[in-house]
Each structure stands twice: as C-alpha cells, then as structure tokens.
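What follows is the residue order along each chain.
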Amino acid sequence: MRSESEQKSGMSRRSFLGLAWGVSLVALVGQAGVAFLQFFQPRLKTGGFGSKIIAGTPKEFKPGTVNLVQEGHFYISTLEDGGYLALWQRCTHLGCTVPWRADEKQFHCPCHSSLFNPKGEVIGGPAPRPLDIFPIEVVDGNLVVDTGNPIAREKFDPSQVFHA
Ligand code: FES
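Just so we're clear, the structure is a prediction, and the values are computed from it rather than from any experiment. (Residues numbered from 1 in each chain as written. Predicted model: local features only at pLDDT ≥ 70, side-chain atom pairs only at ≥ 80, totals over all residues. Heavy atoms only, no water.)

A.B. asks: Just checking my understanding: could you explain the pattern of salt bridges for this structure?
C.D. replies: Where charged atoms from two side chains of opposite charge approach closely, those side chains can pair. Evaluation of the coordinates by the stated rule reveals five salt bridges. A salt bridge links Arg90 to Asp132, with the shortest nitrogen-to-oxygen separation between them at 3.3 Å. Here Asp132 lies in the loop between strand 8 (122-124) and strand 9 (133-134) and Arg90 lies in the loop between strand 4 (84-88) and strand 5 (100-101), a separation of 42 residues in the sequence. Two residues, Asp103 and Arg101, come together in a salt bridge whose shortest N-O distance is 3.0 Å. Through salt bridges with shared partners, a single network forms among Arg90, Arg129 and Asp132. (Salt bridge = Lys/Arg side-chain N within 4 Å of Asp/Glu carboxyl O. Helix = DSSP H or I, 4+ residues; strand = E, 2+ residues; numbered from the N terminus.)

Here's what the structure looks like:
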C-alpha cells in the first residue's frame, strides 16, 4: 500500500531505488566505455630515442637549415624546396656522433673525417653510405620522427624527402 506522500509524488520508494540503480549503472558503463576508448586509442609515445619523437611544427624549420633534435639523436635537415629529412647523428663508418658544422655547411665526423652534405650524402672520407634516415609523419600539426625504425640508404633518392 502506497503512503500518502508517495501517492502525491507519484513515485514509490521501490521505483525511486530502481531509477537510482539504473542511473548509476548507466554512469558506470559510460565511464568504463570512456576508459576503454582511451586505453585503445593510439598514443604518441615520447619515451626518448627508439620511440616517436616530436620534432616541432614544420614552420619552425626554415628551408636550407639543419637543426639538431637532441632527444632523438637526429637532425631535421630542411632542404631548399621545403622538404624534410630526419638524419641520424650516427656516422655510417664506425658509429661516431656526427656534428653539423654550420660554418662548413656539412656534417663533419670528428673520428675519421667523413663528410656529409645536408641530404646526408657522403662527400668525403671513409663512410660507405649516406647517413641513415628516420620516417617522418605529421601528427597534430607536428613533425613526428620514428627513431625506432632507422632506414639505411645506399644513396640519396628524392622519394626519401618528406613534404608536410
Ligand atoms: S666514424 Fe665517422 S668517419 Fe669513422
């Protein structure tokens, strides 16, 4: 038998509890759904060398410049046509770290004097092949470099250049 107040409000205690449980269940399922989607959404890992590294926005790299991205051990070499190469700092001779010499406009390995141009091509010394490159993509407006997948090259080819 319904009380007088229940008759006035039109809702029994049992109906109210049922509704509360229903709302709680919907909220719980909704939260679980959001957590599920977040878990499986592809994420950009930025765990340092060996992962995908955000280099910066394309506008940060002016044509004809070479910029070191220390975290990823690579250079973004922006060619005159605005294309990008992500060049690994590692010399293809015996693996020394190769600095960019802005005054010489070339990479100059300090170990045995291999020289590389801004495309990473060998222009002198004992290095047997161009500097390795990493794949580049654009994610959320940034150049992102996959340092987990170096690409060894026998020679430079225009298809290696990334255009944003
Ligand atoms: S390691 Fe670079 S020239 Fe030998």
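Continuing now.
A.B. asks: Is there a simple way to explain the nonpolar core in this structure?
C.D. replies: Side chains of a nonpolar character, in soluble globular proteins, are inclined to be buried together. One finds Leu85, Leu87, Val98, Phe107, Phe116 and Leu131 to be the most contacted residues of the largest nonpolar core, which totals 15 residues. Every residue in contact with Val98, bar those within four places of it in the chain, is listed here: Tyr75, Gln89, Arg90, Cys91, Phe107, His108, Cys109, Phe116 and Leu131. Within the second largest apolar cluster, 13 residues are counted, among which are Val69, Ala86, Ile136 and Leu143. (Core = buried A, V, L, I, M, F, W, Y, C linked by side-chain atoms within 4.5 Å. Buried < 20%, exposed > 50% of the residue type's maximum accessible area, 1.4 Å probe, protein only. Contact = heavy atoms within 4.5 Å.)

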